[in-house]
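Architecture and fold: a report
Listed below, chain by chain, are the residues.
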Amino acid sequence: PPQWISLLRQIKWGRPHSKLYPLLHLQQIQFVEDKQEFSRFPTKAGRRSLSRSISQSSTDSYSSAASYTDSSDDETSPRDKTQLNSKGTSDFCVKNIKQAEFGRREIEIAEQDMSALISLRKRAQGEKPLAGAKIVGCTHITAQTAVLIETLVALGAQCRWTACNIYSTQNEVAAALSEIGVAVFAWKGESEDDFWWCIDKCVNMEGWQPNMILDDGGDLTHWVYKKYPNVFKKIRGIVEESVTGVHRLYQLSKAGKLCVPAMNVNDSVTKQKFDNLYCCRESILDGLKRTTDVMFGGKQVVVCGYGEVGKGCTAALKAMGSIVYVTEIDPICALQACMDGFRVVKLNEVIRQVDVIITCTGNKNVVTRDQLDRMKNGSIVCNMGHSNTEIDVASLRTPELTWERVRSQVDHVIWPDGKRVILLAEGRLLNLSCSTVPTFVLSITATTQALALIELYNAPEGRYKQDVYLLPKKMDEYVASLHLPTFDAHLTELSDEQAKYLGLNKNGPFKPNYYRYNHPSKIPLNDTQISDLCTIYLQWIPTSTTYMFSLVQSS
């Protein structure tokens, strides 16, 4: 009220001013706005509306990568709107092109912590190593991914992009990319139909045919392979960064249906040991806190899968005081979990007592309806794997169960007896759907992806056959070296004598391709890799040739 303003200007702050005492009796104050007095007791419908408003505003401001939400946005599907950027083009479909300026600021902030990728951009943009490349991409569309996309454009590529997750898109970033001419088809909260429509719009463009694919999850590769086989045969290379997508590629290769070379970025050291491990170690806590405000100390948590993602999640939760269990199918990973101090169990053994279940296996039906039925009231279920198949969410959409949306990406699934299970992001990837991920770690992955695209696009004919390959070790080491200046790290150099003693080149690579940095390799091997490993094994064990070969082949 105006009388407050005049009094506040007179106050020398210390004890409350005597003239303020009457005003501080809030019972005497009536707040009126636009001559509409709020009812002291809202109606039931009003309480629901108010609850939705409060929970939505409390999460919109800082959830899902702090995605900006304009209050003027309507609920009209972007597919039903015609939008133009400042250049007058409409070859895109985003939530609101007017958010481009805000998205540009987000991208500029991300660039500050992605100095290695920017350095690669500056070093190579004069040569334009991707000139003529027409890249169609399907990844999370965030500020960090935007830095990668703009780097590819600076290196000469034409790009069309869509989202690999219906909840992870930052609308303002998608608008910023569309503003500079990148054809982006994505918005946060797409339906399943929207998701496939966006992929098709990226691929099916008159007068434009992709010759490179950058995928995260394999959906784009699958769509092109099934719907546009003639286009798929002309692709010069595929770069895939997820466990799910890599698994699909190896299936195609095994069946003899992969007619283009593909690069498995997920199993490159710079992706697996950094993005999968360190990124998830930090973002798992962020995602759970933002969505549920859960206290971790003393909570019983089961992490399904002890790969690099599982290792990151368990380390973070253990440090916060949680009691952590691990489920595993691989005896090597299970032994690692035991040695790290975690109890390895079957999910059914602890399902009735755990407070939180986190899946990170890349498999399907890791948590079934029967197990969800036996969970205790208030339990939290979420997924840190790429695919939304790990939790059997479809089985929860039945008439006897009630779904209640309490926050953005937070649903209470209510059983007939009143039991509630808290499901996050409808079983999709938690960290990118509900929070943010560390920019610096994504810089490592993005640099690896950019180099993989450059390598496949510029490789002479015959270097790569129709198979799945790992990034050459030399490139892994180069990506790591680009990021060391951030920490003011200084590498020790080998002397000529030392290099000769170890049988190494002074400039690397410093490890053989079979060296997995203390990580047991679980990737399928091609014939050359099997042959190399057999040679190594046979140097150790000159006998039992047939046994050793069969052992490696089965591995």
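Right above here is the structure, for reference.
Since this is a predicted model, take the numbers as computed values, not measurements.

Attention now moves to the overall build of the protein chain. Check the secondary structure of the protein chain and you find 22 helices and 17 strands. Sorting the 555 residues of the protein chain into buried and exposed places 51% on the buried side. Accessible surface, the protein chain as shown: approximately 28200 Å² in total, 53% of it carbon and sulfur.

Turning our attention to the sheet that holds strand 6 (residues 212–215). In spatial order, the strands read 5-4-3-6-7-8-17; together these seven strands make up an open sheet with parallel pairing. Looking at the sheet topology across the chains shown, the edges are occupied by strand 5 (183–185) and strand 17 (468–470). Strand-to-strand twist across the sheet, computed as the mean angle between neighbouring axes with direction ignored, equals 20 degrees.

This paragraph deals with the packing of aromatic side chains. One pass over the full model with this rule turns up eight aromatic pairs. Measuring from centroid to centroid gives 5.2 Å for Phe440 and Phe487, while their planes differ by 85 degrees, and the two rings are edge-to-face. A residue pair is termed long-range when its members are at least 10 positions apart, and Phe440 in helix 18 (residues 439–458) and Phe487 in the loop between helix 19 (473–483) and helix 20 (496–502) qualify at 47 residues. Taking 5.0 Å as the distance between ring centres and 75 degrees as the angle between the ring planes, the aromatic pair formed by Tyr464 and Tyr469 counts as edge-to-face. There is no split in this pair, since Tyr464 and Tyr469 are both buried. By the ring-pair criterion, three or more aromatic residues cluster together here, those being Phe195, Trp196 and Trp223. Here Lys318 stacks its cationic end above the ring of Phe342, 5.1 Å away from the centre of that ring.

One pass over the structure, following the stated rule, counts 21 salt bridges. We note a salt bridge from Arg369 to Glu400, for which the minimum N-O separation is 3.3 Å. Of the two residues, Arg369 sits in helix 16 (residues 369–374) while Glu400 sits in the loop between strand 13 (379–383) and strand 14 (402–407), which places them 31 residues apart along the sequence. Residue classification places Arg369 among the buried residues on the basis of a relative accessible area of 17%. One network of salt bridges, with partners in common, ties together Arg397, Arg405, Asp411 and Glu426.

Further remarks concern the packing of helix 18 against helix 19. At a closest axis distance of 10 Å, the pairing of helix 18 and helix 19 adopts a crossing angle of 140 degrees. The angle between helix 18 and helix 19 falls in the class oblique. For the element pair helix 18 and helix 19, the recorded crossing hand is right-handed. Along the contact surface, helix 18 presents Phe440, Ser443, Ile444, Thr447, Thr448, Leu451 and Glu455, while helix 19 presents Met475, Tyr478, Val479, Leu482 and His483.

This part covers the nonpolar core. Across soluble globular proteins, nonpolar side chains have a tendency to be buried as a group. Counting residues in hydrophobic clusters, the biggest one holds 55 residues, and the most contacted among them are Leu130, Ile135, Ile141, Leu152, Trp161, Val184 and Met263. Within the residue set of this core, elements represented by two or more residues are helix 4 (100–112), helix 5 (115–124), helix 6 (143–154), strand 4 (158–163), helix 7 (171–179), strand 6, helix 18 and helix 19. Examining the composition of this core, we find that ten residues originate from one element, helix 18, more than from any other. Here Val184 is in contact with Asp91, Phe92, Cys93, Val94, Ile141, Trp161, Ala174, Leu177 and Ser178, once residues within four sequence places are set aside. Counting 31 residues, the second largest nonpolar core, distinct from the first, contains Cys93, Phe195, Val203 and Val468.

A word on the side chain of Arg290. Note that Arg290 resides in helix 12 (residues 269–292). Owing to a relative accessible area of 19%, Arg290 belongs among the buried residues under this scheme. At 2.7 Å, the side chain of Arg290 and the side chain of Asp286 are in polar contact.

In this section: the sheet that holds strand 11 (residues 343–344). Pairing is mixed across the open sheet formed by eight strands, whose spatial order is 11-10-9-12-13-16-15-14. A single partner strand is all that each edge strand has here, and the edge strands are strand 11 and strand 14. Sheet analysis places strand 15 (residues 410–414) next to strand 16 (residues 420–424), joined by five bridges and oriented antiparallel. Within the sheet, the bridge partner assigned to Ile414 lies in strand 16 and is Arg420. Contacts between helix 13 (residues 308–319) and the sheet are confined to strand 9 (300–304), strand 10 (323–327) and strand 12 (356–359), with strand 9 contributing the most and set at about 170 degrees to the helix.

Parameters at a glance
Residues numbered from 1 in each chain as written. Predicted model: local features only at pLDDT ≥ 70, side-chain atom pairs only at ≥ 80, totals over all residues. Heavy atoms only, no water. Helix = DSSP H or I, 4+ residues; strand = E, 2+ residues; numbered from the N terminus. Buried < 20%, exposed > 50% of the residue type's maximum accessible area, 1.4 Å probe, protein only. Areas by Shrake-Rupley, 256 points an atom, 1.4 Å probe, with all protein chains shown as cover. Pairing = 2+ DSSP bridges. Axes fitted to C-alpha atoms, helices over the stretch in contact; angles between N-to-C directions. Phe/Tyr/Trp six-rings, centres within 6.5 Å; stacked < 30°, edge-to-face > 60°. Lys NZ or Arg CZ within 6 Å of the ring centre and 35° of its normal. Salt bridge = Lys/Arg side-chain N within 4 Å of Asp/Glu carboxyl O. Parallel < 35°, antiparallel > 145°, perpendicular 65-115°, else oblique. Left-handed = near helix turned anticlockwise from the far one by under 90°. Contact = heavy atoms within 4.5 Å. Core = buried A, V, L, I, M, F, W, Y, C linked by side-chain atoms within 4.5 Å. Polar contact = N/O pair within 3.5 Å; in protein donor to acceptor, adjacent residues only side chain to side chain.

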